[in-house]
Structures are given as structure tokens and as C-alpha cells.
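Listed here are the chains, written in short residue letters.
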Amino acid sequence: QVQLVESGGGLVQAGGSLRLSCAASGRTFSNYAIGWCRQAPGKEREFVASIHWSGRMSYYSDSVKGRVTISRDDAKKIVYLQMNNLKPEDTGTYYCGHDRASGYWSDLVDFDSWGQGTQVTVSS
């Protein structure tokens, strides 16, 4: 079983950058696609990005495409979410989860076992 812990959130001005980390425990981490989602206060959870277990393919939501890069280091059991040119609408709690082993990994419903989240606040 893989457990995930997010970190790297913080307060940043609009236009700034943050790199979030999703650290995993468990021997089968490299077998899973990993996804990131976020939730703003009063809003539903929203898919942000995901990366295939091979690391060769990734998906991004339209709202972050071109500003966010997802990557993984299986040796360290970490998935990174590099976020640049942050906007106030990027504010929220960011969560990472692993895929449900359904063969799909490009949408929110394809993931579970979310971590506790890390807060990102972007000031204008």
C-alpha cells in the first residue's frame, strides 16, 4: 500500500513560483500513476495534473497548462509539481493521490488515497 504526503505549499505573490512535493511510502510507488488536484474554499475538488507510472506521459488541466510541470523521481519516491506564474485563482489546498488501477489516470475520478494536502495561497 502506498501512502502519500504533500509538502511545499506556502504564501506567494502573483507571478511567483512554488514547487510542491508528493512523497510516498511503500514499495510499489513506481507502479502507480500519480495525480494532483486542488480545492479552493467553497469549491469542488479540481484535477490539476497527473503523470503516468513510466514518467513518459502527463496530463494537465486547461487552467494550469503551460504554467505547471509534473515530474517524478522514483528513486526518491517523490512526484513534483512545479508551478510558475502563479495566479490568485491557483489558491487552494493541493492534494496528491495514486491511480485506482483502472487503467485510467487523466481525471479526478481516476485517483484516490489522497494525502492530507498542502496549502497554496497566491496574493494579488
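Structure's up top.
Predicted model only: the values in this text are computed from it and were never measured.

A.B. asks: Report on the pattern of salt bridges, specifying residues and quantitative values.
C.D. replies: Within this structure, the stated rule accounts for six salt bridges. A salt bridge links R38 to D90; its shortest N-O distance comes to 2.8 Å. Note that R38 is positioned in strand β4 (residues 34–39) and D90 in the loop between β8 (78–83) and β9 (92–99), a separation of 52 residues in sequence. R72 serves as the salt-bridge partner of D74, at 2.8 Å between the closest nitrogen and oxygen. By relative accessible area, which is 31% here, D74 ends up partly exposed.

A.B. asks: How would you summarise the environment of Y32 if you had to cite specific residues and measurements?
C.D. replies: Here Y32 shows up in the loop between β3 (18–25) and β4. On the basis of relative accessibility, which here comes to 19%, the residue Y32 falls in the buried class. Remark: the alpha-carbon pair of Y32 and T93, spanning 61 residues in sequence, is separated by 22 Å.

Rules behind the numbers
Residues numbered from 1 in each chain as written. Predicted model: local features only at pLDDT ≥ 70, side-chain atom pairs only at ≥ 80, totals over all residues. Heavy atoms only, no water. Salt bridge = Lys/Arg side-chain N within 4 Å of Asp/Glu carboxyl O. Helix = DSSP H or I, 4+ residues; strand = E, 2+ residues; numbered from the N terminus. Buried < 20%, exposed > 50% of the residue type's maximum accessible area, 1.4 Å probe, protein only.

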